[in-house]
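Here are the chains, one letter per residue:
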Amino acid sequence: MKKSANARFAIKSWDEKPYSEGQDLPRLTRASVMKTFTGDIEGEGQVEYVMMYRGDGSATCVGLERVVGRIGGKSGTFVLQRIGAFENGQAKESYCVIPGSATGELQGLRGDGSTAVGHGMEHPFSLNYDLA
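Criteria and cut-off values
Residues numbered from 1 in each chain as written. Predicted model: local features only at pLDDT ≥ 70, side-chain atom pairs only at ≥ 80, totals over all residues. Heavy atoms only, no water. Core = buried A, V, L, I, M, F, W, Y, C linked by side-chain atoms within 4.5 Å. Buried < 20%, exposed > 50% of the residue type's maximum accessible area, 1.4 Å probe, protein only. Helix = DSSP H or I, 4+ residues; strand = E, 2+ residues; numbered from the N terminus. Contact = heavy atoms within 4.5 Å. Pairing = 2+ DSSP bridges. Salt bridge = Lys/Arg side-chain N within 4 Å of Asp/Glu carboxyl O. Patch = residues over 30% accessible without salt bridge, like charges linked within 9 Å, V, L, I, M, F, W, Y side chains within 5 Å. Areas by Shrake-Rupley, 256 points an atom, 1.4 Å probe, with all protein chains shown as cover. Phe/Tyr/Trp six-rings, centres within 6.5 Å; stacked < 30°, edge-to-face > 60°. Lys NZ or Arg CZ within 6 Å of the ring centre and 35° of its normal.

Student: For the nonpolar core, give the residues involved together with the corresponding values.
Tutor: Formed by 26 residues in total, the largest nonpolar core has its most connected members in Ile 41, Ile 71, Phe 78, Leu 80, Phe 125 and Leu 127. Of all elements in the fold, only β1 (3-20), β2 (27-39), β3 (41-53), β4 (59-71), β5 (74-87), β6 (90-97) and β8 (122-131) reach the threshold of two or more residues within this core. A total of five residues in this core trace back to one element, the largest contributor, which is β3. Apart from residues no more than four positions distant in its own chain, Leu 80 is found in contact with Gly 63, Leu 64, Glu 65, Val 67, Tyr 95, Cys 96, Val 97, Ile 98, Phe 125 and Leu 127.

Student: Please set out the pairing of β8 residue by residue, giving values where relevant.
Tutor: Pairing of β1 with β8 involves eight bridges; the strand directions are antiparallel. Looking at the pairing, Phe 9 lines up with His 123 of β8. Taken together, the four bridges between strand β7 (residues 109-117) and β8 define a ladder with antiparallel strand orientation. Pairing of Leu 109 across the sheet is with Leu 131, part of β8. Counting the residues that bridge the hairpin from β7 to β8 gives four residues, and of these Gly 120 lies at a positive phi of roughly 150 degrees.

Student: Pulling in residues and values, what's your account of the pattern of salt bridges?
Tutor: This structure, assessed with the given rule, holds eight salt bridges. The partner of Glu 65 in a salt bridge is Arg 82, and the shortest N-O contact between them spans 2.6 Å. Here Arg 82 lies in strand β5 and Glu 65 lies in strand β4, a separation of 17 residues in the sequence. For the residue pair Glu 65 and Arg 82, the accessibility class agrees, reading buried in each case. Between Arg 110 and Asp 130 there is a salt bridge whose closest N-O contact spans 3.3 Å.

Student: Give a description of the environment of Ala 31 that names residues and reports values.
Tutor: In this fold, Ala 31 is placed in strand β2. Sequence separation of Ala 31 and Ser 13 is 18 residues, and the distance between their C-alpha atoms is 9.9 Å.

Student: Can you explain a nonpolar patch on the surface? Please cite residues and give values.
Tutor: Together, Tyr 19, Val 50, Val 62 and Ile 83 make up a nonpolar patch on the protein surface, roughly 320 Å² of accessible area in all. When you line up the elements, Val 50 lands in strand β3. Residue Val 50 is classed as partly exposed on the basis of its relative accessible area, which comes to 36%.

Student: If you had to explain the packing of aromatic side chains to someone new, which residues and values would you point to?
Tutor: The final tally for this structure, using the stated rule, is five aromatic pairs. Each ring, one from Phe 9 and one from Phe 125, has its centre 6.4 Å from the other, and the planes form 80 degrees; the classification is edge-to-face. On the criterion of sequence distance, the pair formed by Phe 9 in strand β1 and Phe 125 in strand β8 is long-range, its members being 116 residues apart. Note on accessibility: Phe 9 and Phe 125 belong to one class, buried. Put simply, the rings of Phe 9, Phe 37, Tyr 95 and Phe 125 pair up and form one aromatic cluster. Taking NZ or CZ as reference, Arg 30 lies 4.1 Å from the ring centre of Tyr 19, over its face. Lying over the aromatic face of Tyr 95, Arg 82 brings its terminal NZ or CZ to 5.0 Å of the ring centre.

Written out as structure tokens, the structure is:
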């Protein structure tokens, strides 16, 4: 039976650098982001994004995030696969727990979710999950 964990995350750091750009080409960047989760999910996350920016300012990103912490009173780690887009001032992402990535008391964790947020340093986060 799936459960829902509702939390918030605060961005502690965002370090983004271009690795490929040129005239009339989309700009490609890598971003290392550190987060703190509070609520039903407590802990820290570290995500590595690869991003592509278009000339109009919109962007597409993919990322892998390791979360170290607790969900529902159980502790361990897990990795989220993130896919997102930034358009019209809003970042939309869908994410899922990568099967086989969870450790500790979270081993067997499966889950997914999505967000749509504006600019800022703190955002809501929810995960629909089950623990096998």
